[in-house]
Amino acid sequence: MERLGKLRVAVIGAGAAGLCAARHVLSRANSFEPPVVFEQSARVGGTWYYEERVGTCDDSRPIHSSMYRDLRTNLPKEVMMFPDFPFASHLPSFMTHWDVQQYLETYCKSHDIMPHIKFNTMVEEVKPISMETDEGGAVRWEVISRGMHEGHSTQIFDSVFICSGHYSAPHLPSIPGIELFKGKVMHSHSYRCPEPFAHQSVVVLGAGASGVDILFELVQAKAQVILSHNKPALTFSLPLEIQQAPPVVKVQDDGSLLFQDGSVAHAHVLLLCTGYNYHFPFLGQKQLGLEVQHHLVAPLYKYLLPPSFPSLFFIGMCKLICPFLHFHYQIQFALAVLDGTVQLPSRELMEEDAEKERQRKIQMGVPVKHLLQMDSDQWDYYVSLATTAGLSPPNPVIQSLYDEVAKRRRANPQTYREINYRLVNATEWQVLNSPSVE
Ligand code: FAD
């Protein structure tokens with residue numbers, strides 16, 4: 001991208017992705033002005049800042065974080081870390097959310113990001129202010145924000161990094177007759193701890209990462225749990241106390257839940273562990289030519305930028321990834337595009353590339369709702385971003401440990417966090433202790 005002076009970058013959000021973006025912009029002071037990071041809340045950390053409250057904040061914004069009190073990370077710290085910023089050595093491999101929050105605060109301090117964050121400031125609108133979308137980078141961005149104390153402000157930027165997260169807006173499936181349910185309907189976004197559910201009957205809908213974690217918490221707190229899901233088979237065996245059922249198809253007139261196989265249950269609580277919607281209330285999606293559905297943002301070249309607007313970057317939209325590692329590569333690739341180190345193909349070629357990638361996945365049998373899931377594809381993706389932008393690719397040990405943990409999680413999601421690991425070198429890891437797993 002051609003440029004004259006230093007570039008101005010806006011970053012939306014001061015969670016892990018926004019902090020990573022700010023850190024890398026700051027370290028390229030020859031090409032970039034210090035970033036402006038807009039953060040609607042009063043602190044950094046995003047989803048890792050645990051809120052006991054549910055519902056809304058004092059200023060009536062919806063609570064952002066979906067963390068629950070006893071959550072432990074599902075990646076070991078050796079895999080989860082930003083590659084250039086290890087977690088403290090005294091921490092176990094699988095950490096609490098407090099540990100991760102502290103890590104992000106330390107990251108922020110170490111890179112002197114704090115002075116560049118506008119706290120209590122919500123971005124309300126982001127729009128291109130020139131419709132010239134040729135590769136000359138003529139488009140600039142108007143960012144309209146509202147500060148809790150200062151009112152509205154409009155600023156112009158050369159590029160915008162969207163780091164607003166996508167685990168905050170609950171996805172609520174439509175269940176016919178739901179208004180007839182006599183118990184409590186809630187989403188995992190508002191689940192904090194199991195004690196209030198003791199001796200209650202709970203139907204957990206969804207067997208994804210949160211559903212399975214919460215299920216075990218509920219059973220330990222002596223709730224009676226039915227896990228309702230549409231997976232043909234789970235990869236692990238459930239404790240005897242947990243019943244399984246196919247998806248809920250409707251709520252009947254008497255308030256009972258009817259499952260797909262004709263069975264019926266009464267429950268105190270229907271807990272929806274049904275995931276989250278992509279949600280960008282500050283973007284005019286039509287104007288940008290973007291399709292945003294609850295499970296999809298498209299088209300994105302390299303899962304990162306809309307081909308028509310190559311100075312707008314969506315950081316971390318993919319799922320089944322190592323998020324911090326993913327941010328690390330996407331952000332540095334994006335900055336290399338902006339400073340001209342990386343030349344993007346034409347808009348048409350980027351559109352073709354995004355479509356080819358979509359077709360590749362569809363032909364492999366990936367359902368449309370999972371098009372943004374990466375899992376084993378993520379490694380080639382990082383190598384491709386790294387090679388193009390002149391960065392070191394991830395050490396092979398990261399993939400190897402990620403695969404090992406995934407295998408253990410599939411086999412037993414209740415115990416896989418009991419192991420501590422150590423990275424020996426760029427290719428090898430070691431188990432430090434494994435109390436209940438050989
Ligand atoms: P977020 O952390 O959500 O941060 C987004 C920030 O943007 C927030 O601070 C928000 O206030 C701000 N914001 C949003 N909209 C606006 C706006 N309009 N204006 C201004 N500010 C705005 N990842 C792992 O690596 N390991 C795990 O073990 C793990 N466990 C998880 C467990 C749960 C329950 C959840 C929900 C997620 C988990 N994740 C885990 C994924 C986690 O989301 C990522 O690790 C990462 O923290 C996402 O960072 P982010 O910066 O993209 O988004």
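Chains are numbered independently. Their residues run from 1 in the order of the written sequence. It should be noted that, the model being predicted, local features are given only for residues of pLDDT at least 70 and side-chain atom pairs only at 80 or more, the latter also being counted only at that level, while totals for whole chains, interfaces and linings use all residues. With hydrogens and water stripped out, all remaining heavy atoms of the structure feed into the side-chain values.

A few words now on the overall build of the protein. Secondary structure counts use DSSP, requiring at least four H or I residues in a row for a helix and at least two E residues in a row for a strand, with both numbered from the N terminus. Across its full length, the protein carries 9 helices and 22 strands. When we talk radius of gyration, it's over C-alpha atoms, and the globule rule is simply 2.2 Å times the number of residues to the 0.38. By the compact-globule yardstick of 22 Å for 438 residues, the protein fits well, its C-alpha radius of gyration being 22 Å. For the protein, the spread of C-alpha atoms along the three principal axes comes to 65 × 50 × 50 Å. Relative accessibility decides the category of a residue: with a 1.4 Å probe and only protein chains considered, values under 20% of the type maximum give buried, values over 50% give exposed, and everything between is partly exposed. Scored against the burial criterion, the 438 residues of the protein give a buried share of 52%. Every residue pair with non-hydrogen atoms within 4.5 Å of one another is taken to be in contact. In the protein, the proportion of contacts linking residues at least 24 apart, taken out of those at least 6 apart, comes to 63%. Only the protein chains shown count as cover for residues, and all accessible areas are computed by the Shrake-Rupley method using a 1.4 Å probe. Accessible surface, the protein: about 19900 Å² in total, of which carbon and sulfur atoms supply 52%.

Moving on, we get to the environment of His-268. Structurally, His-268 can be placed in the loop between β15 (264-265) and β16 (269-272). Sequence-wise, His-268 and Val-292 are 24 residues apart; in three dimensions their C-alpha atoms are separated by 34 Å. In this view, His-268 contacts Phe-181, Gly-183, Lys-184, His-199, Gln-200 and Ser-201; residues no more than four positions away in its chain are not counted. Here the side chain of His-268 touches Ser-201 through a polar contact of 2.9 Å, landing on its backbone nitrogen. What qualifies as a polar contact is a pair of N or O atoms within 3.5 Å, subject to a donor-acceptor requirement within protein and to the restriction that residues adjacent in sequence count only when both atoms come from side chains.

Salt bridges are defined as contacts in which a side-chain nitrogen from Lys or Arg sits within 4 Å of a carboxyl oxygen from Asp or Glu. Applying the stated criterion across every chain yields a total of 15 salt bridges. Across the pair Arg-23 and Asp-84 runs a salt bridge whose closest N-O atoms are separated by 3.0 Å. Here the residue Arg-23 occupies a position in helix α1 (residues 16-26), and Asp-84 occupies one in the loop between α2 (77-80) and α3 (97-110), the gap between them amounting to 61 residues. Classification of Asp-84 by relative accessible area gives partly exposed; the value is 31%. For Asp-377, the salt bridge goes to Arg-360, with nearest N and O atoms at 2.9 Å. You can see Asp-377 sitting in the loop between α7 (347-363) and α8 (378-389) and its partner Arg-360 sitting in helix α7, a full 17 residues away along the chain. One salt-bridge network, in which partners are shared between bridges, spans Arg-69, Asp-70 and Glu-195.

By secondary structure assignment, the location of Arg-192 is in the loop between β9 (184-187) and β10 (201-205). Within the buried set, Arg-192 has no salt-bridge partner at all; the shortest N-O distance to an opposite charge, 6.9 Å, is to Glu-51. Engagement of the side chain of Arg-192 in a polar contact is seen with the backbone oxygen of Glu-51, the distance being 2.5 Å. Reaching out from Arg-192, the side chain makes a polar contact with the backbone oxygen of Met-67 at a distance of 3.4 Å. Each residue touching Arg-192, except ones within four places of it in the same chain, is listed here: Tyr-50, Glu-51, Glu-52, Arg-53, Val-54, Ile-63, Ser-65, Ser-66, Met-67, Tyr-68, Arg-69 and Asp-70. For this count, His and the chain ends are skipped, Lys and Arg are scored as positive, and Asp and Glu as negative.

Every second residue of strand β7 (residues 159-162) is oriented toward a common face, with Ser-159 and Phe-161 on one face and Val-160 and Ile-162 on the other, all of them buried. Sheet topology places strand β1 (residues 9-12) next to β7; 4 bridges connect them, and they run parallel. Looking at the pairing, Ala-10 lines up with Val-160 of β7. DSSP bridges decide pairing: two strands pair if at least two such bridges lie between them. Taken together, the 3 bridges between β7 and strand β20 (residues 312-314) define a ladder with parallel strand orientation. Following the sheet pairing, Phe-161 is matched in β20 by Phe-313.

Strands belonging to one sheet form pairs held by backbone hydrogen bonds; the direction of such a pair is parallel or antiparallel. As summarised here, the arrangement of the 3 strands in space is β4-β5-β6, forming an open sheet in which the pairing is antiparallel. For this open sheet the edge positions go to β4 (121-128) and β6 (151-157), each flanked by a neighbour on one side alone. Strand-to-strand, the axes of this sheet are offset by a mean angle of 20°, without reference to chain direction. All axes are obtained by fitting lines to C-alpha atoms, using only the stretch in contact for helices, and the reported angles, taken between N-to-C directions, cover 0 to 180 degrees.

Another aspect to go through is the nonpolar core. One finds Phe-82, Phe-161, Leu-218, Leu-271, Phe-314 and Phe-324 to be the most contacted residues of the largest nonpolar core, which totals 127 residues. For this core, the element with the most residues is helix α6 (residues 323-338), which contributes 11 residues. Ignoring anything within four residues of it in the chain, the contact list for Phe-314 reads Ile-162, Phe-280, Leu-283, Leu-290, Val-297, Leu-300, Tyr-303, Leu-304, Pro-306 and Gln-330. The set of buried Ala, Val, Leu, Ile, Met, Phe, Trp, Tyr and Cys residues whose side-chain atoms join them within 4.5 Å is what this entry labels a nonpolar core. Within the second largest apolar cluster, 14 residues are counted, among which are Val-203, Ile-226, Leu-257 and Ala-265.

The subject of this paragraph is the site of the ligand. Near the ligand, the surroundings consist of 32 residues, among which Glu-39, Thr-47, Trp-48, His-64 and Asn-74 are the closest. For the ligand, an oxygen atom lies 2.8 Å from a polar atom in the side chain of Trp-48. Between an oxygen atom of the ligand and a side-chain N or O atom of His-64, the distance comes to 2.7 Å. Protein chains bury 92% of the 1000 Å² of accessible surface belonging to the ligand in isolation. Mapped onto the shell around the ligand, the elements with two or more residues apiece are α1, β4 and α6. The nearness test applies per residue and asks whether one of its heavy atoms lies within 4 Å of the molecule or strand.

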